[in-house]
Amino acid sequence: MSTTGNILEVKRFSVHDGPGVRTTLFLKGCPLRCRWCHNPESIAQQPQQAYYSHKCINCGECVPVCPRKAHTLTNGIHHFDREKCLTCGECEMACLGNALRLHGKKITVEEALKLVLEDQDFYRIEGGVTLSGGEPLIQPKFCFELLTALKRKGINTALDTCGCVDWAAIEKVMPETDMFLFDFKHADSATHRMLTGQGNELIIANLQRLSDCGAKIEIRIPLVPGCNDSDANLQATGKLLSRLQLKRVKVLPYHAMARSKYLALGMDDTTPQVDHSDETAMLRALTILRENGVNAISGRE
Amino acid sequence: MDKQDKDYIWSKFKKTSIDSDLRTRNEQKKGNNIGFDQSTGLDNETIKENVLKLAEELKGLPHQVVKARAFEYVTENVRIDVSPHDWFVTFGCWDRNDRPLSPLMNKWSTEVDNNILKTGKLLNKQNHTGAAAMWTDFDHSVPDWDVILALGFPGLRERARRHRSKHEASGELSYEGKAYFDGIEITYTAILKMLERFRTYALEHEQSNERVTAVAKCLDTLINGAPANTYEVLQLIYLYFMFSEYIDRFQVRSLGNIDRIIYPYYVQDLKDGRYTENQIRDFFDYFLMQWASIDNYWGQPVYFGGTRKDGETEINELSYLILEEYDKLGIYTPKVQLKIAQNTPQKFLNMTCDMIRRGHSSLVFISEESVRRSLMGIGANQEEARTCDIWGCYEFTPKGNGNCTAPAYINVLKPIELIFNNGVDPSSGIDLGRHTGVLDTFKTFDDFYSAYLKQLDSIIENVISCTNDFEQYLSFISPAQMFSATVENSLKTMRDAFHNGCDYNPTMILHAGFATAIDALMAIKKFVYEKNELTLVQFKEILNDNWNGHERLRLKILHDKNKFGNGIESVDLYAEAIARFIANKINLRPNGRNGFYIASLHSARTFISLGQKTGATPDGRFAGEEISKNTSPTMGMDINGVTAMIKSVTRIDTAQFLDFPLDVMMHPATVQGENGLTAMRTLLETYFEKHGIAIHFNIFDAETLLDAQAHPDKYQGLQVRVCGWNVNFTELSRKEQDMFIRRARNISE
């Protein structure tokens, strides 16, 4: 219970990360670099200080609390020097405009358990706790201990994974996990590497083994225009998934909502330019997948 | 529904004076005019004058008789209409702001105020300073609908006559008793005569119109006895409502357990082949549209569901049918209360949750189990609790044997302002009487907290003194003739049912600003006593100055997480304690009319008016801004989501309150899809498991509301549930809209 993990945040009343009402614990750190990543703050494992400049009201409350003098106020205008920041989090507490946010902190399994049990009364039969990220399984020990503790309390557990981890990590948590939310991005390995920085061989192999073991799996495909929404890829994806034992395949519509986060974190924005999600593309994707014998539904359903 | 018919009903209750409308009868026949046939009666001004003249002639007679005779005069002289465009009749004094008996009631009310009341000055002080809001309440009667349907108007009169004879035979018929029965006799006879006026008019104008013929036939049944089919039942409910609200001047605060009471008629109609299901749907369309057209801002309550004696649900095919029609019409009044228990079918919950997420924010869920806990706590038995009526916004009282008034609203935030000014309201200079001492004497937060309770105690005592006094004269100002005849206990005791003739005659004291008061206390605890950022004296100056020049401090306090509604135990502790203090002070204290007081954490709309009379407060609120409503957190201060909010709110023992509503706002994406329905149902179930009593939802995102604020024309139909009722978002003040948007910003997918 004293094992620590790097977490991003706890989201209560999470209703689209597995069945029922859930609490989702987002862990920090991910082996993939998906271009469209919605949660760029979850990629690096170490904590990051975000600064949302458009929210800053130049109150200066952050200046005296920073031990590294990373915040300055010149002529009434606030400036944040990211290089000096040690991510201690003091400025977030002082900030009056909600402009400063520390992403990531280290907590023990015991502390995590307390956080995710806050809403235990709301889980009822179906709901429970989902571990997500980032990629939770790059912190396998933390995940295993937390999931075990939850199962001991009779709480439904789900784990959202990109699958790009050692099989050993998956195998270890399998008995403690009621449901896997398994992300699938592209059927072609070279394109997969181009879009996410990694090939898909390990992912497909893990998915196959997980299916063979009889685990309950829901596939999640983020449908990203211009990245993985071609007919050819959807056909190939459909063929591949149709060989597996899956509960269902959820196709998630893409929203370009993460731009301000890249800016606030001082990261390069890699997200594709999309004005709005395309309903017809969603319907076509569902049709193609279903034609391949896959139980595909829209993330909106 | 035919367009012409819809137009007719929409214009039927238009808020313009009928008599100033010079459009001709012919235009009305086209369905686009609300003018009445002038030959059918007198204009309202003449009626009102003559009512006062009549009262003068009858001076010296008991008020019951005088009022009944005035009632009779109106029914004989008011203009009427039976239209081929409507299944329901109408008369020309439907304007609530211009009711024909109002001058008479006002006259008697003024007599009480000027010559009898001992607490008039005290009452004015409370109202003027915004420590409380009080007025004589004639707006909350719920007749015994089961009895009305079983007996009809003639049967109600007949039953009253039997009771009169019994009293006479036993030698108990006093002078007051005679007046009481005379009032009922005159009133119900007048009603029956007026039905005859409608019927004659219909027959004279039927011009072989099938609907008018059917209306005449229906009236014939109602003149001679009880209704026998669905249409007749609906006409009777509508007529009782109209007579009571507009002539007898008692607001009918529920149309009753509509699916349960009408179900037997519906089944029989289908079985006998009298009406097809489609015809019955049609009747309900026209029925529901009446209230959509009347469109009072508080909405007309009607409730569904409940539990049968055998433990099974009352939800039946008709429950679905009526709600389907309601959904199809896209209206938001009548507002719909749903009595929910373990036995409520999942299909019904799914249907209603789905309606809510599509924008029907006028649906509210009430937990039968939680209602039972509260009612049994004030002395009701299980059966009374099971069959209780839901009325008003979310209130509940034993059916057919209870009348609850709601004449007083306490400002729970005001004590804070009074402590800072040693019992004096700073803006008016009025001394409210409780001097808790100069600020230097509060050495610890506990000292301050004790002073808070003393000020709150003082307001409660003042409110109870005033209410005790003015509630003694309810039946003097407006004897409730129509209502009394529906309540058997009233007939047995010969006491006015609205005043003191029910078994349960409770007076409800409501509260606004509950959460804001907790937030203000927490701000003082932290910033004055824990962080020593400023002294109470400095704080007083800042508040007197409405935060001018102290925006940083204000933001710091606003952004502090220690607010009610975020599931923080150390904060909720105070909410729990203050709620208990209020309940302990109020519940079961004898009132001025053979009943007792009950506490409610419902605010109705006083969270705006009382806020306007409250200066800046330590929670970061500016002077005049609204205070929190119902049991809900201060708008925009619930930052930990709906589950944390429910945890906070339900830490209060809900059984102490006879009304305990929570408003939940959720993002549309949260409730979309199958999972979204599950999520809504889960919230309901968990809230009720934690003994929450009432809950309603607003499903919005901030973007939609911002867009609606900028382009009101595009969002004419955007309904928001404000507290006990719905309003058009675009009709809210800018400030109120901003509050909604602020709250919506805190919720995300």
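Cut-offs used in this document
Residues numbered from 1 in each chain as written. Chains lettered and ligands numbered in written order. Predicted model: local features only at pLDDT ≥ 70, side-chain atom pairs only at ≥ 80, totals over all residues. Heavy atoms only, no water. Helix = DSSP H or I, 4+ residues; strand = E, 2+ residues; numbered from the N terminus. Rg over C-alpha atoms; globule rule 2.2 N^0.38 Å. Buried < 20%, exposed > 50% of the residue type's maximum accessible area, 1.4 Å probe, protein only. Contact = heavy atoms within 4.5 Å. Buried area = accessible area lost by both parts, 1.4 Å probe. Salt bridge = Lys/Arg side-chain N within 4 Å of Asp/Glu carboxyl O. Polar contact = N/O pair within 3.5 Å; in protein donor to acceptor, adjacent residues only side chain to side chain. Nonpolar A, V, L, I, M, F, W, Y, C, P; charged D, E, K, R; others polar. pLDDT = per-residue confidence, 0-100. Pairing = 2+ DSSP bridges. Axes fitted to C-alpha atoms, helices over the stretch in contact; angles between N-to-C directions. Domains from an automatic or database assignment. Parallel < 35°, antiparallel > 145°, perpendicular 65-115°, else oblique. Left-handed = near helix turned anticlockwise from the far one by under 90°.

Peer 1: Residues and numbers for the overall build of chain B, please.
Peer 2: Per the secondary structure count, chain B includes 30 helices and 15 strands. A compact globule built from 749 residues would reach a C-alpha radius of gyration of about 27 Å, and chain B, at 26 Å, matches this within 12%. Along the longest, intermediate and shortest principal axes, the C-alpha atoms of chain B span 80 × 60 × 55 Å. Sorting the 749 residues of chain B into buried and exposed places 66% on the buried side. Across chain B, the fraction of contacts at a sequence separation of at least 24, relative to all contacts at a separation of at least 6, is 78%.

Peer 1: Please give an account of the overall build of chain A that cites residues and values.
Peer 2: Counting secondary structure elements, chain A contains eleven helices and 13 strands. What you see for chain A is a C-alpha radius of gyration of 20 Å, in line with the 19 Å of a compact globule of 301 residues. By its C-alpha atoms, chain A is 65 × 45 × 30 Å across when sized along the principal axes. Put simply, chain A has 301 residues, and 56% of those count as buried.

Peer 1: Mind laying out the interface of chain A and chain B, listing which residues take part and the relevant values?
Peer 2: In this assembly, 24 residues from chain A lie in contact with 27 residues from chain B. Between chain A and chain B, roughly 2300 Å² of surface is buried when both sides are summed, and carbon and sulfur atoms account for 54% of that area. On the chain A side of the contact with chain B, Phe13, Phe122 and Arg124 of chain A bury the most area, a combined 29% of that side's loss. Joining chain A to chain B, the criterion identifies six salt bridges. Where chain A touches chain B, the interface holds twelve residue pairs in polar contact (both at pLDDT 80 or more). The element best represented in the side of chain A that touches chain B is strand E1 (residues 4–14) of chain A, accounting for three residues. Counted by class, the side of chain A that touches chain B contains seven nonpolar, six polar and eleven charged residues.

Peer 1: Any details on the confidence of the model for chain B? Residues and values, ideally.
Peer 2: Residue and element names in this part refer to chain B. Residues at a pLDDT of 70 or more form 96% of chain B, whose mean pLDDT is 93. Scored below 50 in pLDDT, residues 15–33 makes 39 contacts in the model with residues more than four places away or belonging to other chains. The ipTM for the predicted assembly is 0.92, set against a pTM of 0.92.

Peer 1: Break down the environment of alanine 380 of chain B for me, with residues and values.
Peer 2: Residues and elements named next belong to chain B. Structurally, alanine 380 can be placed in the loop between helix H15 (368–377) and helix H16 (382–386). The spacing of alanine 380 and proline 398 is 18 residues in sequence and 7.6 Å in space, taken between C-alpha atoms. Every residue in contact with alanine 380, bar those within four places of it in the chain, is listed here: Leu375 and Tyr504.

Peer 1: Break down the pairing of E1 of chain A for me, citing the residues and quoting the values.
Peer 2: Regular strands have side chains that alternate between both faces of the sheet. All names here are of chain A. Here E1 pairs with strand E7 (residues 105–108) via four bridges, running antiparallel. Each bridged residue has a counterpart across the sheet, and for threonine 4 the counterpart in E7 is threonine 108. Strand direction decides the pairing type here: E1 and strand E2 (residues 22–27), joined by five bridges, are antiparallel. Paired with serine 14 across the bridge in E2 is arginine 22.

Peer 1: If you had to explain the side chain of glutamine 126 of chain B to someone new, which residues and values would you point to?
Peer 2: On the secondary structure map, glutamine 126 of chain B appears in helix H6 (residues 120–129). Excluding residues within four positions of it along the chain, glutamine 126 of chain B makes contact with Ala131, Ala132, Met134, Leu432, Ile459 and Asn462 of chain B.

Peer 1: Quick rundown of the sheet that holds strand E10 (residues 179–183) of chain A? Include the residues and the values.
Peer 2: Residue and element names in this part refer to chain A. One open sheet holds the nine strands; their spatial order is E7-E1-E2-E8-E9-E10-E11-E12-E13, and the pairing between them is mixed. The open sheet has two edge strands with one neighbour each: E7 and strand E13 (296–298). Geometrically, the sheet is characterised by an average inter-axis angle of 30° between neighbouring strands, direction not taken into account. Pairing geometry for E10 and strand E11 (residues 217–223), over four bridges, is parallel. Residue pairing in the sheet places phenylalanine 182 in a bridge with isoleucine 219 of E11. Against the sheet, helix H5 (residues 140–152) touches E1, E2, E7, strand E8 (128–132) and strand E9 (156–161), its axis set at about 155° to E9.

Peer 1: Any chance you could break down the domain arrangement of chain B for me, citing the residues and the numbers?
Peer 2: Residue and element names in this part refer to chain B. We note that the domain assignment places domain 1 (1–116 + 144–249) and domain 2 (405–666) within chain B. Here the C-alpha centroids of domain 1 and domain 2 sit 40 Å apart. Between domain 1 and domain 2, the residue contacts involve 33 residues of the former and 20 residues of the latter. Taking both partners together, domain 1 and domain 2 bury about 2300 Å²; carbon and sulfur atoms supply 65% of that area. Area buried by domain 1 at its contact with domain 2 is led by Arg159, His163 and Tyr180, which between them contribute 24% of it. Counting the contacts that link domain 1 with domain 2 gives one salt bridge. Counting every contact that joins domain 1 to domain 2 gives 14 residue pairs in polar contact (both at pLDDT 80 or more). Mapped by element, the contributors of at least two residues to the side of domain 1 that touches domain 2 are helix H4 (63–77), helix H5 (102–116), helix H7 (145–169), helix H8 (175–204) and helix H10 (230–248). With eight residues, the top contributor of residues to the side of domain 1 that touches domain 2 is H8. Its residues placed into classes, the side of domain 1 that touches domain 2 shows 18 nonpolar, nine polar and six charged.

Peer 1: With reference to specific residues and values, describe the packing of helix H12 (residues 277–294) of chain B against helix H13 (residues 317–329) of chain B.
Peer 2: Residues and elements named next belong to chain B. Two numbers describe how H12 lies on H13: the axes approach to 10 Å, and their chain directions differ by 55°. Considered as vectors, H12 and H13 are oriented oblique to each other. Classified by chirality, the crossing of H13 by H12 is right-handed. Packed against H12, whose contacting residues are Glu277, Ile280, Arg281, Phe284, Asp285, Leu288 and Met289, the element H13 presents Leu318, Leu321, Ile322, Glu324, Glu325, Tyr326 and Leu329 at the interface.

Peer 1: Tell me about the sheet that holds strand E11 (residues 597–599) of chain B, residues and numbers included.
Peer 2: Residue and element names in this part refer to chain B. Ordered by their spatial adjacency, four strands build an open sheet running E3-E9-E10-E11, and the pairing between neighbours is mixed. Each having just a single partner strand, strand E3 (132–134) and E11 make up the two edges of the open sheet. Here the strands of the sheet are splayed against their neighbours by 25° on average, with no regard to which way each runs. With three bridges joining them, strand E10 (residues 507–512) and E11 adopt parallel strand pairing. Following the sheet pairing, threonine 507 is matched in E11 by tyrosine 597. Along the sheet, helix H18 (residues 445–470) makes contact with E3, strand E9 (405–411), E10 and E11, crossing E9 at roughly 155°.

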